[in-house]
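Chain residues, written in single-letter form:
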Amino acid sequence: MNSSTVNAGFTKWSIRNRRLIPAGIRKEAVPARDGGLEVIWEIPNEKEQHDTLVSFIWAADGTPVRGSFTIIDWATDETLNSGALWDEDALTRIFTLAANAA
């Protein structure tokens, strides 16, 4: 991430949860509306043959805003599950589930 995409909320969440974030996952950070930050992860699960796509937005002041997740089957491209992430605890739970399933 470059200096234009640094966000205190994302940074704090990442530090608290670095053990949950699997090595080698794809991550992209893009500026969000009103100066915030949207971070998008793609978490592959070789064992279950699916990807978990996660997106979360932090406001410019670092306040968590919201996010979402979608689990996509590799063979059929079907959505297996999806939902809203209303807070950082829900974001952490999705990473915990992805880590435990891998």
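Summary of the structure given here. (Residues numbered from 1 in each chain as written. Predicted model: local features only at pLDDT ≥ 70, side-chain atom pairs only at ≥ 80, totals over all residues. Heavy atoms only, no water.)

## Topic: the overall build of the chain
Within the chain one finds 2 helices and 5 strands. Helices and strands in the chain line up, N terminus first, as α-β-β-β-β-β-α. Computed over its C-alpha atoms, the radius of gyration of the chain comes to 13 Å, within 12% of the 13 Å expected for a compact globule of 102 residues. Dimensions along the principal axes, computed over C-alpha positions, put the chain at roughly 40 × 25 × 25 Å. For the chain, the proportion of its 102 residues judged to be buried stands at 38%. (Helix = DSSP H or I, 4+ residues; strand = E, 2+ residues; numbered from the N terminus. Rg over C-alpha atoms; globule rule 2.2 N^0.38 Å. Buried < 20%, exposed > 50% of the residue type's maximum accessible area, 1.4 Å probe, protein only.)

## Some points on the layout of surface pockets
Of the voids in this model, the largest pocket is the one considered here, and its volume is about 150 Å³. Of all the elements in the fold, those that place two or more residues in the lining of the largest pocket are β3 (50-58) and β4 (64-73). (1 Å grid on protein atoms, 1.4 Å probe; cavity = no way out; pocket = protein on both sides within 12 Å on 5 of 7 lines; lining within 4 Å. Points joined across faces, edges and corners; volume = space filled by probe spheres on them.)

## Here we look at the packing of aromatic side chains
Scanning the entire structure with this criterion turns up 7 aromatic pairs. Ring centres 5.0 Å apart and planes at 85° place the aromatic pair Trp41 and Phe95 in the edge-to-face group. Of the two residues, Trp41 sits in strand β2 (residues 37-45) while Phe95 sits in helix α2 (residues 88-101), which places them 54 residues apart along the sequence. The residues Trp41 and Phe95 share a single accessibility class, namely buried. These aromatic residues form a ring-pair network of at least three members: Phe10, Trp13, Trp41, Phe56, Trp58 and Phe95. (Phe/Tyr/Trp six-rings, centres within 6.5 Å; stacked < 30°, edge-to-face > 60°.)

## Structural notes on the nonpolar core
Counting 20 residues, the largest nonpolar core has Trp41, Val54, Trp58, Leu85, Leu91 and Phe95 as its most contacted members. Listing elements by their share of this core, those giving two or more residues are α1 (8-16), β2, β3, β4 and α2. No other element matches the 5 residues that α2 contributes to this core. Setting aside anything within four residues of it in sequence, one finds Leu85 in contact with Val54, Ser55, Phe56, Arg66, Gly67, Ser68, Phe69, Ala90, Leu91 and Ile94. (Core = buried A, V, L, I, M, F, W, Y, C linked by side-chain atoms within 4.5 Å. Contact = heavy atoms within 4.5 Å.)

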